[in-house]
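Here's the letter readout for the chains.
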Amino acid sequence: MIQNDTLIPMLGVVTDIRIDTPDVKTFRVVSADGKGKCFEHMPGQCAMLSIPGVGEAMFSITSSPTNTEYMEFSIKKCGCLTNWLHLMDVGQQITIRGPYGNAFPVDTALKGQDLLFIAGGIGLAPLRSVINYCRHYRDRYGKIDIVYGSRSMDDLVDYKEIIDEWMNEAGVDVHLTIDRPQDGWDGHVGFVPSYVKELEFPTNKTVLLCGPPIMIKFTLQGLMEMGFSKTQVFTTMELKMKCGVGKCGRCNIGDKYVCKDGPVFRCDELGELPDEY
């Protein structure tokens, strides 16, 4: 592992590429010398990935900080840079810099609490780092519930890890749902905000929420109706980050800059969500 200046790109090597869904791949990256991660991070922090001559963008680090051998990034194909990333092969190099932003308060506000993770689609990516961190330090946290939904069974990210590991761990309950009925799916069918209300969780939990803007909006409304307070809910808005260092102004939300004040926020810190939410 190499310590670095967050503004100076480092060379990383892609050592594994996993196909999660038809449009999401998870890339495993190590330092160019092959000696582990490019830098340390905490759950919820991001990194800037770049293909020189193509572009760069900010992505959540989806692997847990407890993993010392490599970093992982689950990336949805949705534009020029991500299309190029999806064309990469194992062994190719990429530039990486970071970490950027703050982290989920795993060692303060979350410690000793019962936790409720709520994710939609690719929104599981930034929460996966936190979930696996809490699983690693299992005795520091109470009961863990995970509600995760996507458009279809084929769009569930990290499905094998969820089935093989998360669902088989004591004190961890996973609740999966897809938007519409599908052949081969015998689990819950329905949208995440409605499913959360159906599950009727006790309101003493601390909530970590991430997903598409419309999902966040209606899930947060539902949690408030159930009796949760915004002070109990944390979310991440790394999708609004651009330069990562507070210079471009594109991540402004009210009096906050996502790259300098976030991307992790307690929901009462945001006032009102951006218009797109």
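Everything in this summary refers to the structure shown in the same document. (Residues numbered from 1 in each chain as written. Predicted model: local features only at pLDDT ≥ 70, side-chain atom pairs only at ≥ 80, totals over all residues. Heavy atoms only, no water.)

Digging into the pairing of strand β6 (residues 93–100)
This is how the line gets drawn: Partly exposed residues are those whose accessible area sits between 20% and 50% of the maximum for their type, while under 20% is buried and over 50% is exposed, using a 1.4 Å probe and protein chains only. Numbering goes from the N terminus for both helices and strands, where a helix is a DSSP run of H or I of at least four residues and a strand is a run of E of at least two. By definition, two strands form a pair when at least two bridges between them are found by DSSP.
Most of β6 is tucked away, with six of its eight residues classed as buried. Sheet topology places strand β1 (residues 10–21) next to β6; four bridges connect them, and they run antiparallel. Its bridge partner lying in β6, Val 13 is registered against Gln 93. Pairing geometry for strand β3 (residues 46–51) and β6, over four bridges, is antiparallel. By the bridge assignment, Ser 50 is partnered in β6 with Thr 95.

With respect to the sheet that holds strand β9 (residues 172–178)
The criterion, for reference: Any two residues having at least one pair of non-hydrogen atoms within 4.5 Å are treated as being in contact. Between N-to-C directions, angles cover 0 to 180 degrees, with each direction set by a line fitted to C-alpha atoms, over the stretch in contact for helices.
Across the sheet, which stays open at both edges, the seven strands sit in the order β10-β9-β8-β7-β11-β12-β15 with mixed pairing between neighbours. Strands with a single pairing partner mark the edges of an open sheet, and in this sheet they are β10 (188–189) and β15 (264–266). The pairing of strand β8 (residues 144–150) with β9 spans seven bridges and is classified as parallel. By the bridge assignment, Val 147 is partnered in β9 with His 175. Along the sheet, helix α2 (residues 124–136) contacts β7 (115–120), β8, β11 (206–210) and β12 (233–236); its crossing angle with β7, the most-contacted strand, is approximately 155°. Packed on one face of the sheet, helix α5 (residues 213–226) meets β7, β11 and β12 and runs near 160° to β11.

As for the nonpolar core
What counts, and what does not: Among buried residues, the Ala, Val, Leu, Ile, Met, Phe, Trp, Tyr and Cys ones that are joined through side-chain atoms within 4.5 Å form a nonpolar core.
Among the nonpolar cores identified, the biggest contains 30 residues, and Phe 104, Leu 110 and Phe 117 are the most heavily contacted of them. Elements represented by at least two residues in this core include exactly β7, α2, β8, β9 and β11. Take this core: its biggest share by element is six residues, from α2. When residues no more than four places from it in sequence are discounted, the contact partners of Phe 117 are Leu 127, Val 130, Ile 131, Cys 134, Ile 144, Asp 145, Ile 146, Val 147 and Leu 208.

Things to note about α5
Rules: Given the number of residues in a helix, its expected span is that number minus one, multiplied by 1.5 Å. For this quantity, the arc is that covered by the directions from the helix axis to the C-beta atoms.
Given a rise of 1.5 Å per residue, 14 residues ought to cover 20 Å, and the 20 Å separating the end C-alpha atoms of α5 matches this to within 8%. What α5 keeps buried is the set Met 215, Ile 216, Thr 219, Leu 220, Gly 222 and Leu 223. All buried residues of α5 lie within an arc of 165° about the axis, which places them on one face of the element. Turned more than 90 degrees off the buried face of α5, the exposed positions are Ile 214 and Glu 225. As for α5, its buried residues are in contact with β7, α4 (192–199), β11 and β12. Directly beyond the C-terminal end of α5, a positive phi value near 110° is found at Gly 227.

Considering the pattern of salt bridges
Using the following cut-off: Here, a salt bridge means any side-chain nitrogen of Lys or Arg that lies within 4 Å of a carboxyl oxygen of Asp or Glu.
Counted by the stated rule, this structure contains 21 salt bridges. A salt bridge links Arg 28 to Glu 72, with the nearest nitrogen and oxygen atoms 3.0 Å apart. Placement of Arg 28 in strand β2 (residues 24–31) and of Glu 72 in strand β5 (residues 71–76) is noted, with a sequence separation of 44 residues between them. You can call Arg 28 partly exposed: its relative accessible area is 23%. On the basis of relative accessible area, Glu 72 is assigned to the buried category, the value being 2%.

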